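# Inside the fold
In case you want the letters, here they are:
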Amino acid sequence: MTKSKAILFGGTVTSYIRGLRCKECSARYAATKISVCEKCFGPLEVEYDLAALRGGVSKDKISGREKTLWRYIELLPVAGPEKIVDLQPGFTPLRRAKNLGEKLGLTNVWVKDDTVNPTYSFKDRPVAVAVAKAIEWNMDAVGCASTGNLAAATSAAAAKAQLPCYVFAPASLESTKLLAPRLYGATLVPVYGTYDDANRIALLFADRNNWGFVNINMRPYYAEGSKTLIYETCEQLGWQAPDLVLVPLGSGLLLTAVKKGLTELADLGFVRNGHTRISGSQPEGCTPIVDGFNSPSGLVKPVKQPSSIAESLAIGDPASGYEAISIIKKTGGFADAPTSKEVIEAQKLLARTEGVFAEPAGGTVVASLKRRVEKGEVDKSEKVVLLVTGNGLKTPSVLLSSFAPPTPLKPDVKVIENYLRSVSKW
Ligand SMILES: *Cc1c(COP(=O)(O)O)cnc(C)c1O
Ligand SMILES: [Zn+2]
């Protein structure tokens, strides 16, 4: 706890948490360490006293605060700023994507650029809130089951908070993603198999000890960090909700958090209610949520062997899949599955139009927007926000194979002039 934070929040911050509510059967619980409903095993979410909040927080109050996700502290499930030790994630740029929009034939496109978070993905957001709770509850360690980005985010946050950290991940992950947790001093538990295998075994360890597995037994709190992505987007649009938001889908939790965030801002009167189409995408090779959306039953059939170009989205059995589908349907959004080739082309397009180097998860939403514009499903002047959730420097291998290795040239004017003539685009 630093001095500047106490000053920032004026010393005292009222907590408006009312408790936890089951999303399936609406049973209510105190906001403690439980993560699933004891009656029906359904997922839980944090509820706030919105009536009291209306008097306690305002747009102006928020706008004057430090540029991190903690500017929304009254809307986050922490007791106060005192116990927060973190890397100050959030308040990432919302970039007006004029060049990309022109290429796609759209006039109002923005990129919410979460590639610049402390560990280069949006996962720093949910982790910040979960680790704050772990500190508050005096947990002995934190951990996660990860497809890569969560491993880095959890281990870095644990390092800052000086908590032991256990990362369960598929041993087959790209090597840069397995490097980060070890660099940050976490204990890496590389397991055979898929993310779902890692998740299942982590689940057993989470409850055995006083350990907070951020995306497992702290999931309701973890989700609250994710929603700050859409809070910021609305604030940066001048307290307006976008008409269309494109969300990359892993477990589907981010998409559900986008919906919760929008609903809360509307309930507080900060944005207009109900017009945002929330859309999701995942690339070919692991599309259980998109397939569920397209199936008559609307049910999610797990993918046993995901083989996705976007490792960070390769969750075969998505915990929030069903809820994500119902939100996409209710809001009139689309569920889209681009090909691997389209994803790579979209990563290049984003880089070359906006200077943003995204990982395949970012290429995925750009590719889906392009596909849906071509189908006539997006109006020219709709306010469109692309959630670009991870940095491409973490996943070079998918791109390296689409560029020939550079051939060195003699440092000679003639040689280089000839070379430039042969390759020049100008
Ligand atoms: C984890 C992740 C997602 C999806 O998150 P879920 O909440 O599991 O759906 C999207 N993009 C990136 C880069 C991620 O790391
Ligand atoms: Zn329940």
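If you're wondering where the values come from, they're calculated on a predicted model, not measured in any experiment.

Reading the values: the criteria
- Residues numbered from 1 in each chain as written.
- Chains lettered and ligands numbered in written order.
- Predicted model: local features only at pLDDT ≥ 70, side-chain atom pairs only at ≥ 80, totals over all residues.
- Heavy atoms only, no water.
- Helix = DSSP H or I, 4+ residues; strand = E, 2+ residues; numbered from the N terminus.
- Rg over C-alpha atoms; globule rule 2.2 N^0.38 Å.
- Buried < 20%, exposed > 50% of the residue type's maximum accessible area, 1.4 Å probe, protein only.
- Contact = heavy atoms within 4.5 Å.
- Areas by Shrake-Rupley, 256 points an atom, 1.4 Å probe, with all protein chains shown as cover.
- Lys, Arg positive; Asp, Glu negative; His and termini not counted.
- Charge placed at Lys NZ, Arg CZ, Asp CG, Glu CD.
- 1 Å grid on protein atoms, 1.4 Å probe; cavity = no way out; pocket = protein on both sides within 12 Å on 5 of 7 lines; lining within 4 Å.
- Points joined across faces, edges and corners; volume = space filled by probe spheres on them.
- Nonpolar A, V, L, I, M, F, W, Y, C, P; charged D, E, K, R; others polar.
- Disulfide = S-S within 2.5 Å.
- pLDDT = per-residue confidence, 0-100.
- Donors = N, O, S within 2.8 Å, 3.2 Å for Na, K, Ca; no water.
- Tetrahedral: all angles 85-135°; square planar, octahedral: opposite > 155°, others 65-115°.
- Near = heavy atom within 4 Å.
- Polar contact = N/O pair within 3.5 Å; in protein donor to acceptor, adjacent residues only side chain to side chain.
- Sits in = over half its atoms within 2 Å of the grid points.
- Patch = residues over 30% accessible without salt bridge, like charges linked within 9 Å, V, L, I, M, F, W, Y side chains within 5 Å.
- Salt bridge = Lys/Arg side-chain N within 4 Å of Asp/Glu carboxyl O.
- Pairing = 2+ DSSP bridges.
- Axes fitted to C-alpha atoms, helices over the stretch in contact; angles between N-to-C directions.
- Arc of directions from axis to C-beta.
- Phe/Tyr/Trp six-rings, centres within 6.5 Å; stacked < 30°, edge-to-face > 60°.
- Lys NZ or Arg CZ within 6 Å of the ring centre and 35° of its normal.

Further remarks concern the overall build of the protein chain. Secondary structure assignment for the protein chain yields 17 helices and 13 strands. For the protein chain, the C-alpha radius of gyration of 22 Å lies close to 22 Å, the compact-globule estimate for 426 residues. The principal-axis extents of the C-alpha atoms in the protein chain amount to approximately 70 × 55 × 45 Å. Across the 426 residues of the protein chain, 58% fall into the buried class. Within the protein chain, counting contacts between residues at least 6 apart in sequence, those at least 24 apart form 71% of the total. Of the roughly 18300 Å² of accessible surface on the protein chain, 54% is carried by carbon and sulfur atoms. Across the protein chain, 52 positive and 42 negative side-chain charges occur, with their mean positions spaced 2 Å apart.

In this approach, a probe sized like a water molecule rolls over the atoms, and the result shows the empty space that is left. This model, assessed by the stated rule, comprises two cavities of 30 Å³ or more. Considering only enclosed or pocket space, the largest cavity measures out at about 310 Å³ in volume. Phe122, Lys123, Gly250, Ser251 and Ser312 are the residues nearest the centre of the largest cavity, which is lined by 25 residues in total. Elements represented by at least two residues in the lining of the largest cavity include exactly α6 (149–161), α9 (219–226) and α11 (253–267). Here the lining of the largest cavity is composed, by residue class, of 13 nonpolar, ten polar and two charged. Looking at the second largest cavity, its volume works out to about 60 Å³.

What follows covers the state of the cysteines. By the definition in use, this model includes zero disulfides. Here Cys286 stays free of any disulfide, with the sulfur of Cys144 as its closest cysteine sulfur at 18 Å.

The subject of this paragraph is the side chain of Lys348. Here Lys348 is to be found in helix α14 (residues 340–354). When sequence neighbours within four positions are dropped, the list of residues in contact with Lys348 reads Ser402 and Phe403.

Time to look at the confidence of the model for the protein chain. Taken residue by residue, the protein chain gives an average pLDDT of 93. The fraction at 70 or more is 97%. When the criterion is pLDDT under 50, residues 1–7 qualifies, and its contacts beyond four places in sequence or with other chains add up to ten contacts.

The zinc ion (ligand 2) binds to the protein through Cys22 (SG), Cys25 (SG), Cys37 (SG) and Cys40 (SG); the donor distances cover 2.3 Å. Coordination at the zinc ion (ligand 2) is tetrahedral, judged from the four donor atoms that bind it and the angles of 99 to 116° they form at the metal.

Neighbouring ligand 1 are 15 residues, the closest being Lys123, Asn149, Ser251, Leu254 and Thr389. Side-chain polar atom of Thr389 to a nitrogen atom of ligand 1: 2.7 Å apart, as the coordinates give it. Against a free-state accessible area of 380 Å², the protein chains account for coverage of 97% of ligand 1. Judged by its atoms lying within 2 Å of the grid points, ligand 1 is housed in the largest cavity. Tallied by class, the residues present in the shell around ligand 1 amount to six nonpolar, seven polar and two charged.

Looking now at a nonpolar patch on the surface. A cluster of nonpolar side chains, namely Leu409, Val415, Ile416, Tyr419, Leu420 and Val423, defines an oily patch on the protein surface of about 460 Å² accessible area. Topologically, Leu409 is positioned in the loop between α16 (397–400) and α17 (413–423). Given the relative accessible area of 38%, Leu409 is considered partly exposed.

Across the sheet, three strands lie side by side as β2-β1-β3; this open sheet has antiparallel pairing. The sheet is open, and its two borders are formed by β2 (28–29) and β3 (44–48), each paired with just one other strand. The pairing of strand β1 (residues 17–22) with β3 spans five bridges and is classified as antiparallel. Paired with Arg21 across the bridge in β3 is Glu45. In this fold α9 packs onto β1 and β3, with an angle of close to 60° to the strand it touches most, β3.

The subject of this paragraph is the layout of surface pockets. Reported here for the second largest pocket is a volume of approximately 240 Å³. Around the second largest pocket sit 13 residues that line it, and Tyr120, Thr176, Ala180, Tyr184 and Lys394 are the ones nearest its centre. A per-element tally of the lining of the second largest pocket places helix α7 (residues 175–183) first, with five residues. Grouping the amino acids of the lining of the second largest pocket by side-chain chemistry returns seven nonpolar, four polar and two charged.

So, about helix α13 (residues 321–331). All of the buried residues along α13 are Gly321, Ala324, Ile325, Ile327, Ile328 and Thr331. Seen along its axis, α13 keeps its buried residues to an arc of 165°; they face one direction. Relative to its buried face, α13 has exposed residues pointing more than 90 degrees away, namely Tyr322 and Lys330. On the buried face of α13, the contacting elements are α11, β11 (277–281), α12 (288–294) and β12 (335–336). Remark: Gly332 follows α13 within two positions and exhibits a positive phi of approximately 75°.

A word on the packing of aromatic side chains. The final tally for this structure, using the stated rule, is seven aromatic pairs. Arranged with centres 6.3 Å apart and planes meeting at 20°, the rings of Trp211 and Phe213 form a pair that is stacked. As far as the burial class goes, Trp211 and Phe213 line up, both buried. Against the face of Phe293 rests Lys329, its NZ or CZ located 5.5 Å from the ring centre. Against the face of Phe403 rests Lys348, its NZ or CZ located 5.1 Å from the ring centre.

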